[in-house]
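# A look at the structure
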Amino acid sequence: MKISRNSYQIDRFPTGDSAQLVPLDECFLSSDTLIEDVVTVCNEEAVYNILFERMLGGNPYERSNAEWWFGWSRDGWMSGTHSVWALMKDDHIFGAINLKNIEGTTAEVGYWCSAKEPGYMTNTLNQVLEIAREAGFKTIYAWVRPGNERSGKVLLRSGFEFKGLRPYESTAFPDPEAEYYEIQI
Ligand SMILES: CC(C)(COP(=O)(O)OP(=O)(O)OC[C@H]1O[C@@H](n2cnc3c(N)ncnc32)[C@H](O)[C@@H]1OP(=O)(O)O)[C@@H](O)C(=O)NCCC(=O)NCCS
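Below is a summary of the structure that appears in this document. Note that this is a predicted model, so its numbers are computed, not measured.

What follows covers the overall build of the protein. From N to C terminus, the protein includes five helices and eight strands. The helix and strand sequence of the protein, counted from the amino end, reads β-β-α-α-α-β-β-β-α-β-α-β-β. Here the protein has a C-alpha radius of gyration of 15 Å; the compact-globule value for 185 residues is 16 Å, and the two agree. In terms of its C-alpha atoms, the protein occupies a principal-axis envelope of roughly 40 × 40 × 35 Å.

Around the ligand sit 22 residues, and of these Phe13, Pro118, Met121, Thr122 and Arg150 come closest. Within the residue set of the shell around the ligand, elements represented by two or more residues are α2 (45–52), β5 (106–113), α4 (121–135), β6 (139–144) and α5 (149–157). Residue composition of the shell around the ligand, grouped by class: 14 nonpolar, six polar and two charged.

Right, let's get into the environment of glutamate 45. Along the chain, glutamate 45 turns up in helix α2. The spatial distance from the C-alpha of glutamate 45 to the C-alpha of asparagine 148 is 13 Å, given a sequence separation of 103 residues.

Our focus in this paragraph is unusual backbone geometry. Cis geometry is adopted by the peptide bond preceding proline 14, which originates at phenylalanine 13 and carries an omega value of -5°. Relative to the helices and strands, proline 14 resides in the loop between β1 (8–11) and β2 (18–23). Within the chain, aspartate 91 stands out as a residue other than glycine whose phi angle is a positive 65°. In this fold, aspartate 91 is placed in the loop between β3 (83–89) and β4 (92–103). Its identity as a non-glycine residue notwithstanding, asparagine 101 has a phi of 45°, on the positive side. Inspection of the secondary structure assignment puts asparagine 101 in strand β4.

Pairing is mixed in the open sheet, where eight strands are placed in the order β1-β2-β3-β4-β5-β6-β8-β7. Each having just a single partner strand, β1 and β7 (161–168) make up the two edges of the open sheet. Going from strand to strand, the sheet's axes swing by 30° on average, the running direction of each strand aside. Its contacts with the sheet put α5 on β6 and β8 (175–184), and the angle it makes with β6 is roughly 160°.

This brings us to the environment of glutamate 36. Tracing the chain through its elements places glutamate 36 in helix α1 (residues 32–42). Looking at glutamate 36, the number of C-beta atoms within 10 Å reads 14, which means it is partly exposed. Along the sequence, glutamate 36 and histidine 92 sit 56 residues apart, while their C-alpha atoms lie 9.4 Å from each other.

When β7 meets β8, the two strands line up antiparallel, connected through six bridges. Among the inter-strand pairings, leucine 165 is bridged to a residue of β8, identified as glutamate 179. A loop of six residues connects β7 with β8, the two strands running antiparallel in sequence.

Two measures define how a pair of helices packs: the angle their axes make with one another and the distance between the axes. Between α1 and helix α3 (residues 63–79), the least distance of the axes is 9 Å, while the angle of their chain directions is 110°. Taken together, the axis directions place α1 and α3 in an arrangement best described as roughly perpendicular. Both α1 and α3 take part in a crossing whose hand is right-handed. Mapping the contact onto sequence places Ile35, Val38 and Val39 in α1 and Arg63, Ala66, Glu67 and Trp69 in α3. Across the contact of α1 with α3, the residue classes tally to five nonpolar, no polar and two charged.

The rules behind each value
Residues numbered from 1 in each chain as written. Predicted model: local features only at pLDDT ≥ 70, side-chain atom pairs only at ≥ 80, totals over all residues. Helix = DSSP H or I, 4+ residues; strand = E, 2+ residues; numbered from the N terminus. Rg over C-alpha atoms; globule rule 2.2 N^0.38 Å. Near = placed C-beta within 6 Å. Nonpolar A, V, L, I, M, F, W, Y, C, P; charged D, E, K, R; others polar. Pairing = 2+ DSSP bridges. Axes fitted to C-alpha atoms, helices over the stretch in contact; angles between N-to-C directions. Contact = placed C-beta atoms within 7 Å. Buried ≥ 20, exposed ≤ 12 C-beta atoms within 10 Å, placed from the backbone. Parallel < 35°, antiparallel > 145°, perpendicular 65-115°, else oblique. Left-handed = near helix turned anticlockwise from the far one by under 90°.

As structure tokens, this is what we get:
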């Protein structure tokens, strides 16, 4: 699957400010500042509680976690197993989105964004769906923990269908029952 490595402008709803969606591939230069950005956002309550609390056993998201993430992102683009993009403004990262678990023309989408920058994620997801469609993907799915209303709303705004509660078999944080969403593109 040939996924575009271009950068894209993402407009914020409804103000029209903009950010850049940038692939975190082997051409992307990480830095101390960007690592700190990721650490800061991933320790924000809303992001940490949903994505990292269980995985990290309640310990803070550290620099080493961010460094691992940059490496994982680069490796994914190189091997074709997953694609990760950062949302950037004024040379700072404030959000991210990925396509992972790529199997044939199907992939899972995941994302996080600073609560200080609302209004970007739906438009970001729409852009990634367009990139995926152009690459030849047919089905994109997402898992949402029950109670994570903000994430479910992002998916519904982007046209995903809620398919019901299903067991989520993830090595990082399995859930006996999670919301499963899917879109045909
Ligand atoms: C999930 C998450 C990315 C959502 O971020 P967000 O800022 O709420 O998402 P959006 O930018 O799409 O929406 C923000 C607001 O702008 C509005 N909006 C954004 N784009 C819009 C669009 N194209 N059309 C209409 N409204 C839009 C939304 O209605 C929403 O308004 P509300 O706050 O009144 O409900 C964020 O809460 C997060 O990172 N959570 C923790 C991590 C997480 O849950 N990840 C997903 C795991 S499945």
